[in-house]
Amino acid sequence: MDLNLGSVIKRLRTEHSITQEELAEYLGISFQAVSKWETGTTLPDITLLPKLAAFFGIKIDELFSNAIKLQIEKNKEYGYANYA
């Protein structure tokens, strides 16, 4: 299953009206790295997850639970309601 963590990061970032540049600066990375996460080209380094979660005021596991929820919704759209 594709968790699409990048979609969760993008949704959280846009809900908080934060630019890719602002998030990247906080994390000490390039805005291109954030862009690659959001497009699904790459994933964030595991060492950035605590800082990423803290930035949005959520727990690390919420990053993944939100990703799973998005995948379930996507599966339902394609008629795969029983597969997460």
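Predicted model only: the values in this text are computed from it and were never measured.

A. Examining the overall build of the protein more closely. Regarding its fold elements, the protein presents five helices and zero strands. The helix and strand sequence of the protein, counted from the amino end, reads α-α-α-α-α. Every one of the 84 residues in the protein was classed for burial, and the buried ones make up 31%. Long-range contacts, defined as pairs at least 24 residues apart, comprise 55% of the intrachain contacts of the protein with a sequence gap of at least 6. Working note: accessible area of the protein is about 5,400 Å², and carbon and sulfur atoms make up 54% of it.

B. Quick look at the side chain of Glu38. Here Glu38 lies in helix 3 (residues 31-38). For Glu38, a relative accessible area of 11% corresponds to the buried category. Beyond its immediate stretch of four places on either side in the chain, Glu38 contacts Gly6, Ile9, Lys10, Arg13 and Gln20.

C. Spotlight on the pattern of salt bridges. The final tally for this structure, using the stated rule, is two salt bridges. As a salt-bridge pair, Arg13 and Glu38 come within 2.6 Å of each other at their nearest N and O atoms. Remark: Glu38 occurs in helix 3 and Arg13 occurs in helix 1 (residues 5-15); sequence separation between them is 25 residues. For the residue pair Arg13 and Glu38, the accessibility class agrees, reading buried in each case.

D. Structural detail: the nonpolar core. By size, the foremost hydrophobic cluster in this structure holds 17 residues, and its most contacted members are Leu23, Trp37, Leu52 and Leu63. Looking at this core, the elements with two or more residues in it are helix 1, helix 2 (20-27), helix 3 and helix 4 (49-56). Every residue in contact with Leu52, bar those within four places of it in the chain, is listed here: Ile9, Leu23, Leu27, Trp37 and Leu63.

E. A look at helix 2. Residues of helix 2 that are buried: Gln20, Leu23, Ala24 and Leu27. All buried residues of helix 2 project into a common sector of 100° when viewed along the axis, lining one side. Buried residues along helix 2 sit in contact with helix 1, helix 3 and helix 4. Taken from the residues just after helix 2, Gly28 is the one with a positive phi, measuring 75°.

Definitions and cut-offs
Residues numbered from 1 in each chain as written. Predicted model: local features only at pLDDT ≥ 70, side-chain atom pairs only at ≥ 80, totals over all residues. Heavy atoms only, no water. Helix = DSSP H or I, 4+ residues; strand = E, 2+ residues; numbered from the N terminus. Buried < 20%, exposed > 50% of the residue type's maximum accessible area, 1.4 Å probe, protein only. Contact = heavy atoms within 4.5 Å. Areas by Shrake-Rupley, 256 points an atom, 1.4 Å probe, with all protein chains shown as cover. Salt bridge = Lys/Arg side-chain N within 4 Å of Asp/Glu carboxyl O. Core = buried A, V, L, I, M, F, W, Y, C linked by side-chain atoms within 4.5 Å. Arc of directions from axis to C-beta.

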